[in-house]
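Remarks on the overall topology
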Amino acid sequence: MRPALLAAALATVLGAARAEAAACCLSSSAFGLGRLASWEQAAVIVGGSVSPVSGSWDDQGAWHANPADYSENEWRTQLSALVALHERLQLSGRLPWVLTQKAAGPLNESGHGLGDSQLALRYEPVYQGEYDYLPELALNLGATVPTGRAMTGAQTILGSDVTGRGAWMLSASLTAELARAFWFVQLGGGLTYALPMAGDAPGETQQFGPGVQATLAGGIELTRGLVASLVARYSWEAEVRVNGQPVARSRAFDFGGGPALAWQFIPQLTLQAGLDLGLFTAHTGENRQGRTAGNLAFRYAYF
């Protein structure tokens, strides 16, 4: 074969392989926990985040900025892992350590401890690139384990030592993703259900309402190994129940999102960074704190 023809053939093969690799792995480590790429056997993610509180929404949806003498910041360090059990089945887990600092007038306190941990299974009935023009579909089943300290167990005046919600939470979600050579679009929707837990008074039970979550994300490969994404999220939760009875005006919701950046500077190692920004104005939330979160993480993959 002539050298020119050989070079052209190699370029075609390498170009096709490059496009296939980009399409199947663009979103695997673009933001959050992500998923395993098709050639990965496992991955470990070590990261941290900081999320200052700017204010809160009341039960009417009115926004209240923090008063001048109040501040609250949360620092969170997380260890996460993903393991391939089968080409269509992945197991993941997340273990956080939470540090909170609060100041209100003359009071200034901090608390820390293990947060609520998470376990999840991801099943892909249709994996990336299996069928032309058909998006990847993934079913996720998970549980949040109340390994943190709930508000009922707080030992500080401002509750700075609270690190979790105190309830077992079951979740199910469906994710659809369409990926092409250098871009992807991902849509996800899920449900959560909390099991009853002990309330504030002896013999009392409390149960968080069922919840709905939705995410929409898109990303593009700016250059080899560097992916920029934009993520939007929505979260809603029904009324809290005490002894089986709903508490009036206790439902909660908020939405927000922000940019994310992932840089795979060697095949095994990816640097992840992102921001989560809320809309701190009236009727963009209810019974929730308004936080601005920034995160940074390293992801190491095993082939």
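Structure's up top.
Summary of the structure given here. Only a predicted model underlies this, so the values are computations on that prediction, with no experimental measurement involved. (Residues numbered from 1 in each chain as written. Predicted model: local features only at pLDDT ≥ 70, side-chain atom pairs only at ≥ 80, totals over all residues. Heavy atoms only, no water.)

What to know about the overall build of the chain
Within the chain one finds 1 helix and 20 strands. The C-alpha extent of the chain, read off along each of the three principal axes, is 85 × 40 × 35 Å. Within the chain, buried positions represent 38% of all 303 residues. The long-range fraction of contacts in the chain, counting pairs at least 24 apart against all pairs at least 6 apart in sequence, stands at 61%. Total accessible area on the chain is roughly 16100 Å²; 65% of this is exposed by carbon and sulfur atoms. Placing the 19 positive and 24 negative side-chain charges of the chain at their respective mean positions leaves the two points 6 Å apart. (Helix = DSSP H or I, 4+ residues; strand = E, 2+ residues; numbered from the N terminus. Buried < 20%, exposed > 50% of the residue type's maximum accessible area, 1.4 Å probe, protein only. Contact = heavy atoms within 4.5 Å. Areas by Shrake-Rupley, 256 points an atom, 1.4 Å probe, with all protein chains shown as cover. Lys, Arg positive; Asp, Glu negative; His and termini not counted. Charge placed at Lys NZ, Arg CZ, Asp CG, Glu CD.)

Observations concerning the side chain of Glu177
Within the fold, Glu177 resides in strand 8 (residues 169–179). You can call Glu177 buried: its relative accessible area is 1%. There is a polar contact of 2.6 Å between the side chain of Glu177 and the side chain of Ser27. A polar side-chain atom of Glu177 sits 2.9 Å from a polar atom in the side chain of Gln186. (Polar contact = N/O pair within 3.5 Å; in protein donor to acceptor, adjacent residues only side chain to side chain.)

Comments concerning the pattern of salt bridges
Pairs can form between side chains of opposite charge whenever their charged atoms are close. Counting across every chain of the model gives 13 salt bridges. Notably, a salt bridge pairs Arg35 with Glu136, separated by 3.8 Å at the nearest N-O pair. Of this pair, Arg35 sits in the loop between helix 1 (3–25) and strand 1 (42–57) while Glu136 is found in strand 7 (residues 136–145), placing the two residues 101 residues apart along the sequence. Across this residue pair, the class does not change: Arg35 and Glu136 are buried. When the shortest N-O distance is used, the salt bridge between Glu72 and Arg291 registers 3.5 Å. Taken together, the residues span a long stretch of sequence, with Glu72 in strand 3 (residues 70–86) and Arg291 in strand 19 (residues 289–291) at a distance of 219 residues. Three or more residues joined by partner-sharing salt bridges are found here, namely Arg35, Arg122, Glu124, Glu136 and Glu177. (Salt bridge = Lys/Arg side-chain N within 4 Å of Asp/Glu carboxyl O.)

Some points on the side chain of Asp254
Position of Asp254 among the secondary structure elements: in strand 16 (residues 252–266). Judged by relative accessible area, Asp254 falls into the buried class, the value being 10%. Within the structure, the side chain of Asp254 is placed 2.8 Å from the side chain of Arg288, a separation counted as a polar contact. Residues contacting Asp254, with those up to four places away along its chain left out, are Trp57, Arg233, Tyr234, Ser235, Thr284, Gly285 and Arg288.

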